[in-house]
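Chain by chain, the residues run as shown.
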Amino acid sequence: MLAVIAGALVARRAQALAVLLLAVLAGTAAAAAPLYVSAAGQALARQELAAAPSDQQRLRISSIAEHVGLPDDPGAAAFQGLLTPFAAAGFDVVLGAQAGGVTTGPAGRTVNSSLVFRQGVCERVTVVGACPRDTDAGERPEVMVSANTAAHLGVSAGSEVTFAGVPLRVSGVYRPLDPSEPYWLGDELLRPPAPGPAPTAAVGSAEDAIFTAAASRLADEDAVLQRPLADVFVTDELVGTGSAEEIEAAIAIATSSAAQVRFGTGSGLPQLLDRVAAQRDQLESGVALGAGLLVLLCWLVLFVAVGSAADERRPEQGLLLLRGVQRRRLWALALGESAVPALVAIPLGALAGLAAAELLAARTLTGDTRLALGGAAFAYATIAAAGALAAVLLAQTRTLSAPVVDLLRRVPARVRGWRTSLGDVAAVSAAVAAMTQLRAGGSPSGLALLAPVVAALAVGVLLARFALLCSAAVGAALLARGRIRAGLALLQVGRQPRFRPLIALLTVAVAMLAFTAGVRERATAAYADRAVVDVGAPRVIGVDALSRGHLLAAVRAVDPEGRYAMAAVTTSGGEAKTSVLAVDSPRLATVAASHPAYGVAPAEMARPLRPAPPAESILLRGSEFAVTVDADFDESAFAGHAPRLHLLVAGPTGTRQVGVDRPLASGRGDYRVPLPECVPQCRLVRFEVSAQVTPGPLRIRLEQVRSADGTVQLSGADLADMSRWRQPGRTVDYWFDSAVGGGPALLLDVPDGRRTAPIPIAVADAPDPLPAWLTRSWGTQHGSFHYDGIDGAPTNALVAGFVDRLPRLGGSGLLVDLEYADRLAVAGQAGVKEVWLGAAAPDDVLDRLRAQGVAVRYDRTISAEREELLSQAPALALAFNLVAALAGVLIGAAGLVTTAAAEQRSRVATLVALRWQGLPVRAVRGGYGWPVAFATVAGALATVAIWLLARDGQRLFADGRSPVPVPAWPEVGPLLAVTVPAVAVFAVTAVLLGWALTAAVRSRSTR
């Protein structure tokens, strides 16, 4: 039998080569999927590791007890084997020690800093002077300070400083070579600058770490307490290729062992590993669709090609059966003839998959990726080869099991009965199960991952059956009317069963290309939409300012005309769960990026947010003030609980409440209050009278406010102007009014027993409640809306209108004016401060902001946000699937070619016979264009069907969140730009095959 199989392979080497090539292609697709997942997983791990905060990149092991002396090299032995598993596994281990304290320069200036020993610091800095050296007892220990610390303390190389009272010699001034390196522990060693004057160096601040040498002895060892520690860093390779379970197990072992030797551990590494694992799972799930499509198409092509070839060999097998050859020997021959190419295809497919994965990774991924053949690639290639073998055997089942009389027929008999519907039932059942699982919700798994493919196959086989029935009927009718060319072609398609799987194959190729291209186009639009809404403006700078007022002043100083910069503050919602976006509203239309999802244009949003205030702000100038107060109350009744007067003012550093120099006394008097933040000026927020109890009536007249030099800041008439004041909180247990008797003044009247909380009288320099835009997710009822203000205090807003979404906040939040919100704020500086920049922002805008005392924390752009989304797992999976769908078009064309090649001899013989009977040459076209036409229509219908059923089951975002509704349908133009060329490939292939058939018939008929 082996000799017979070898002879059959030699005799039918064209078919064996076709089986081999298609099996290799299936193995390539199957092996490329896990290899690409591995490469993309490495890229995703690098991205997650680079974006992770420092505590999520390392495990810290530190001594619970403090040790006496300057920080020095603790030595690996101090950790008693805790580090051994990590060093062996490939972690980067850095030993060190730290001590906290106050460093004092020669001029008396001080800074809170850490004195640190850290292995390898000298290799990571440039030094003016020298790195600290080891010193002996009696020598002054040497340290190395940052450029920021040196500028703050006024020292240089050779100067002296003291740390916790210990004299130290500055050996050098350092600047880090790469501050973003994990070695620097984020902002632990290079402290971020505070708002104010820009630091000397581009990174860090005066509180940067001060480094000492490995061995520095103290004369008085009791002066400094230091703590040995080790930082164990995970590497790109470990996160990208290592097992998350093994890393977490090593951390768990170290954590449990550390406590036994009086060491503590802390790490956020599990959070990083969880994110990497989630991204890799999403990638594997997404890539399964493309790999499954390619493998299925390869199996279908094999089924079509081998089935067509088997039909051509039917008379040969019929004669063998007539001569007494047993059917089991025919089955053994078919199995052996197909198994040899399938087995050879396994290693070839794995190698080709490696090359394909490397090529695709180079095109879609950033950074270097290392790929190597592993067990997974060979396993998937083996599965693909086994499936190819099964497809080959299934394609020959009909021929090998047919009666001899049918095998001797020139045209295969039509199969009738339940067998004809078995494949259709199986395809439809699989599609229904896959779609049911996909639409059940949750993360797709199992058959749901291939739901679009099996749905396209089900639609393809059903429509192919319908197409064959119609072809036979229409072809016969056309022949009866004399339409020979079209009628003969359609009759040929309808009469040959091999065209049915071919139409299904082409349908799946067209439908999956259109579906994948549509999902990709939809995802691209969704990424662009999310980037616009999430960022809010073309560029957003996260900053740290002294206060909201400082932020507003700095931005207005940088951009006085409001052409490209806007101050903004966002809060997360507090107890009321309403996020707030506060912006410098007159600049909103110029700076914010517009988007249709908002429902309202930024210019229209800005219009109602800034009405004219009831009164202008009250500005105070001076460092100390006197307030003239005339109080009327029973001092004996208030004994021990005399009321006090406070002023709440807003300066560059925020709001501060300051009380007058003494409790109020009955009668008229001047009360002094120091307000250094009012130099050069500050804004009065409100007066406040506090009394623990009110046992009797309390009447207070505020008559005048003047500075220490006698300048009147608020006259009695100013205080008596009721349009300047408002009553916060809308309480009714006290009231104030203008007093005219005894001169104009502001009169506060509190009945007895009615008030125990502070009694505020606020400046009415902002509308109260604030006008605001509210998202429709909170309803559409106009009126007052309760929320937590930008200072975290409960307050109310007056809803000016409703929007669908807001920049930065998405579908839930509130938009108010920042300056008015700041004027109403009385508590802390809550919220995230940002500067939104338009397209017209100059290149040096960050330097201009720093010059205004604003510290820059981060820099986001819409384009960078979009690119980040395109580099996450769902987008990478879509890129793989689109390449797979494009490759599926070539596989479909190959199926068309193999079908034509298999029937070439019989078709040519039939048409030559018809030519001798008078068939014109123009009627010889082969009819290969009709399967393409049927498949195009069927593919369009299948695309619509699977789009309606499966579009919402495709994961587009790694976190599953989209602030903007994802488009329901893709753009038609880009979709046609992908699918029309694919159909054109099929059409051109059909035309070329028709020409080849015509040439062969003409050549044979002229002999």
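Residues numbered from 1 in each chain as written. Predicted model: local features only at pLDDT ≥ 70, side-chain atom pairs only at ≥ 80, totals over all residues. Heavy atoms only, no water.

Each helix and strand counted, the protein chain has 26 helices and 32 strands in total. Per-residue burial over the protein chain gives 51% buried out of 1007 residues. For the protein chain, the proportion of contacts with a sequence separation of at least 24, taken over those separated by at least 6, is 81%. (Helix = DSSP H or I, 4+ residues; strand = E, 2+ residues; numbered from the N terminus. Buried < 20%, exposed > 50% of the residue type's maximum accessible area, 1.4 Å probe, protein only. Contact = heavy atoms within 4.5 Å.)

Here we take up helix α6 (residues 244–258). Compared with the 21 Å implied by 1.5 Å per residue over 15 residues, the 21 Å span of α6 between its first and last C-alpha is a close match. Ile247, Ala250, Ile251, Ala254 and Ala258 are the residues of α6 that are buried. Viewed end-on, α6 has its buried residues packed into an arc of 95°, placing them on one side of the element. Across from the buried face of α6, at angles greater than 90 degrees, the exposed residues are Glu245, Glu246 and Ile253. (Expected span 1.5 Å × (residues − 1). Arc of directions from axis to C-beta.)

The next thing to look at is the packing of helix α15 (residues 499–535) against helix α22 (residues 862–870). One can describe the packing of α15 onto α22 by two numbers: an axis separation of 8 Å at closest approach and a directional angle of 135°. Overall, the two elements α15 and α22 adopt an arrangement that is oblique. In the crossing of α15 with α22, the sense of the turn from one axis to the other is right-handed. In this structure, α15 uses Tyr527, Ala528, Arg530, Ala531, Val532, Asp534 and Val535 to contact α22, whose residues at the interface are Ile862, Glu865, Arg866, Leu869 and Leu870. Here the contact of α15 with α22 is built from residues that sort into 8 nonpolar, no polar and 4 charged. (Axes fitted to C-alpha atoms, helices over the stretch in contact; angles between N-to-C directions. Parallel < 35°, antiparallel > 145°, perpendicular 65-115°, else oblique. Left-handed = near helix turned anticlockwise from the far one by under 90°. Nonpolar A, V, L, I, M, F, W, Y, C, P; charged D, E, K, R; others polar.)

It is worth spelling out the packing of α15 against helix α25 (residues 929–950) at this point. Where α15 meets α25, the closest approach of the two axes is 7 Å, and the angle between their N-to-C directions is 45°. Relative to α25, α15 is oriented oblique. The element α15 and its partner α25 pack so that their crossing is right-handed. A class-by-class count of the residues in the contact of α15 with α25 yields 19 nonpolar, 4 polar and 1 charged.

This part takes up the pairing of strand β28 (residues 784–788). In terms of strand pairing, β28 meets strand β29 (residues 794–803) through 5 bridges, oriented antiparallel. Across the sheet, residue Phe785 finds its bridge partner in β29, namely Ala797. Between the antiparallel neighbours β28 and β29 lie 5 residues, among them Gly792 with a positive phi of about 85°. (Pairing = 2+ DSSP bridges.)

Turning our eyes to something else, we now look at the sheet that holds strand β12 (residues 539–544). Strand order in the open sheet formed by 9 strands is β28-β29-β27-β30-β14-β13-β31-β12-β32, and the pairing between neighbours is mixed. Of all the strands in the sheet, just β28 and β32 (855–861) have a single pairing partner and so form its edges. Across this sheet, the average inter-strand angle for adjacent strands is 35°, counted without regard to direction.

Scanning the model with the defined rule gives 12 aromatic pairs in all. Consider the rings of Trp184 and Phe211, whose centres lie 6.1 Å apart with planes at 75°: the pair is edge-to-face. Of the two residues, Trp184 sits in the loop between β8 (166–176) and β9 (210–212) while Phe211 sits in strand β9, which places them 27 residues apart along the sequence. Residues Trp184 and Phe211 agree in their burial class; the two are buried. Ring centres 5.7 Å apart and planes at 45° place the aromatic pair Phe687 and Trp725 in the tilted group. Note that Phe687 is positioned in strand β20 (residues 682–690) and Trp725 in strand β23 (residues 725–726), a separation of 38 residues in sequence. Both residues of the pair, Phe687 and Trp725, belong to the buried class. These aromatic residues form a ring-pair network of at least three members: Tyr174, Tyr183, Trp184 and Phe211. The cationic tip of Arg610 hangs over the ring face of Tyr820; the distance from NZ or CZ to the ring centre is 4.8 Å. Across the ring face of Trp969, the terminal group of Arg951 is positioned such that the distance to the ring centre comes to 5.3 Å. (Phe/Tyr/Trp six-rings, centres within 6.5 Å; stacked < 30°, edge-to-face > 60°. Lys NZ or Arg CZ within 6 Å of the ring centre and 35° of its normal.)

With that out of the way, let us pick up the nonpolar core. Formed by 71 residues in total, the largest nonpolar core has its most connected members in Met512 and Phe986. Going through the elements one at a time, α2 (13–51), α7 (269–312), α12 (419–439), α13 (451–480), α15, α23 (873–902), α25 and α26 (972–1005) are the ones with two or more residues in this core. The greatest single-element share of this core, amounting to 16 residues, is contributed by α15. In terms of nonpolar packing, the next biggest core, distinct from the first, is built from 37 residues, Ala545, Ala565, Val835 and Ala841 among them. (Core = buried A, V, L, I, M, F, W, Y, C linked by side-chain atoms within 4.5 Å.)

It is worth spelling out the pairing of β29 at this point. Where strand β27 (residues 770–775) lies against β29, 6 bridges are found, and the strand directions are parallel. Looking at β29, one finds that Ala772 is bridged to Val799.

What follows concerns the side chain of Thr628. Secondary-structure assignment places Thr628 in strand β16 (residues 624–632). Side chain to side chain, Thr628 and Asp670 meet in a polar contact 2.7 Å long. Ignoring anything within four residues of it in the chain, the contact list for Thr628 reads Arg668, Gly669, Asp670, Arg701, Leu702, Glu703, Gln704 and Arg706. (Polar contact = N/O pair within 3.5 Å; in protein donor to acceptor, adjacent residues only side chain to side chain.)

Turning next to the state of the cysteines. Across all of its chains, the model carries 2 disulfides by this definition. The disulfide partner of Cys122 is Cys131, and the S-S distance across this bridge is 2.3 Å. Taking the sign of the S-S torsion, about -140° here, the bridge from Cys122 to Cys131 comes out left-handed. A relative accessible area of 33% means that Cys122 is categorised as partly exposed. Across the disulfide from Cys678 sits Cys682; the S-S distance is 1.8 Å. Its torsion about the S-S bond being 65°, the disulfide of Cys678 and Cys682 is classed as right-handed. Taken N- to C-terminal, the disulfide-bonded cysteines of the protein chain are connected 1-2, 3-4. (Disulfide = S-S within 2.5 Å.)

Turning our eyes to something else, we now look at α22. Within the sequence span of α22, burial applies to Ile862, Glu865 and Leu869. One side of α22 holds all its buried residues, which, seen down the axis, span an arc of 65°.

Moving on, we get to the pattern of salt bridges. Per the counting criterion, the structure on display carries 45 salt bridges. The partner of Arg548 in a salt bridge is Asp822, and the shortest N-O contact between them spans 2.9 Å. Residue Arg548 is located in helix α16 (residues 548–558), and its partner Asp822 is located in helix α20 (residues 818–824); the two are separated by 274 residues in the primary sequence. Assigned by exposure class, Arg548 and Asp822 land together as buried. (Salt bridge = Lys/Arg side-chain N within 4 Å of Asp/Glu carboxyl O.)

Counting through the fold element by element, Pro613 comes out in the loop between α18 (602–606) and β15 (619–620). For the pair Pro613 and Ala764, spaced 151 residues apart in sequence, the C-alpha separation works out to 7.3 Å. Setting aside its immediate chain neighbours within four residues, Pro613 contacts Asp765, Ala766, Tyr820 and Arg823.

Cis rather than trans, the peptide bond between Val679 and Pro680 has omega equal to 5°. Structurally, Pro680 is set in the loop between β19 (667–674) and β20. Here the residue pair Asp768 and Pro769 is connected by a cis peptide bond, since its omega of 5° sits within 30 degrees of zero. Of note, Leu185 is a non-glycine position whose phi angle comes to about 60°, a positive value. With respect to the helices and strands, the residue Leu185 is situated in the loop between β8 and β9. Look at Leu185 and you get buried, because its relative accessible area is 1%. The phi angle at Arg808 is positive, at roughly 70°, despite the residue not being glycine. Mapped onto the secondary structure, Arg808 falls in the loop between β29 and β30 (814–817). Residue Arg808 is classed as partly exposed on the basis of its relative accessible area, which comes to 22%.

Before going further, it helps to examine the side chain of Thr570. On the secondary structure map, Thr570 appears in strand β13 (residues 565–571). Judged by its relative accessible area of 10%, Thr570 is buried. With residues near it in sequence (within four places) discarded, Thr570 still touches Val580, Leu581, Gly831 and Val832.

Further remarks concern the environment of Leu684. Assignment of secondary structure puts Leu684 in strand β20. Accessibility expressed as a relative area gives 1% for Leu684, which makes it buried. For Leu684, the contacting residues outside a window of four places in its chain are Ile618, Leu620, Leu647, Leu648, Val649, Leu714, Trp725 and Val763.

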